[in-house]
Amino acid sequence: MVPAKHLRADGIRLKLYFMLGLPTETEDDMKGIAHLAQKIAETYYEVVPKEQRKGKVQINVSTSFFVPKPFTPFQWAPMFREEDFIEKAKLLRMRFVLS
């Protein structure tokens, strides 16, 4: 989690990058992405007193999709179909909407 000493009263801008579609990925892993972003925002609002806040929390979450590459431990791992990737992205997007 974000150490409280790094949270500044003038707000935070944070970029988080994740990869979807790894062979060992579970649905809970994808839900955890949205949960992490939500927890960071909540921590900011808990740690920095309201009267000291001059900014807001801006968290950008970016994802990319796993593509197996030769000469890596995952070279023989199956790659998801396009429909599977779209479904994973929808699931993640819904988690952000519901958060």
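Structure first, text after, so check above.
Structural notes, computed from the coordinates.

Rules behind the numbers
Residues numbered from 1 in each chain as written. Predicted model: local features only at pLDDT ≥ 70, side-chain atom pairs only at ≥ 80, totals over all residues. Heavy atoms only, no water. Helix = DSSP H or I, 4+ residues; strand = E, 2+ residues; numbered from the N terminus. Buried < 20%, exposed > 50% of the residue type's maximum accessible area, 1.4 Å probe, protein only. Polar contact = N/O pair within 3.5 Å; in protein donor to acceptor, adjacent residues only side chain to side chain. Contact = heavy atoms within 4.5 Å. Phe/Tyr/Trp six-rings, centres within 6.5 Å; stacked < 30°, edge-to-face > 60°. Lys NZ or Arg CZ within 6 Å of the ring centre and 35° of its normal.

Moving on, we get to the side chain of Glu25. Tracing the backbone through its elements, the reader meets Glu25 in the loop between strand 1 (12–20) and helix 1 (27–47). Using a relative accessible area of 17% as the deciding quantity, one classes Glu25 as buried. Within the local environment of Glu25, its side chain forms a polar contact with the backbone nitrogen of Gly21, the two atoms lying 3.1 Å apart. At a separation of 2.8 Å, a polar atom in the side chain of Glu25 contacts the side chain of Lys88. Contact partners of Glu25, with chain neighbours within four places excluded, come to Met19, Leu20, Met30 and Lys88.

On to the packing of aromatic side chains, then. Tallied over the entire structure, the rule returns four aromatic pairs. Look at Phe65 and Phe85: their rings are 4.4 Å apart centre to centre, the planes differ by 45°, and that puts the pair in the tilted class. Within this pair, whereas Phe65 is found in strand 2 (residues 57–65), its partner Phe85 is found in helix 2 (residues 82–98), the two being separated by 20 residues in sequence. An angle of 65° between the planes, with centres 5.9 Å apart, marks the rings of Phe80 and Phe85 as edge-to-face. Judged by its relative accessible area of 9%, Phe85 falls in the buried class. Directly above the aromatic system of Phe80 lies the positively charged group of Lys88, at a separation of 4.5 Å from the ring centroid.

For the rest of this paragraph, the subject is unusual backbone geometry. Phi is positive for Phe71, close to 65°, though the residue is something other than glycine. With respect to the helices, strands and loops of the structure, Phe71 is situated in the loop between strand 2 and helix 2. Residue Phe71 is classed as exposed on the basis of its relative accessible area, which comes to 81%.

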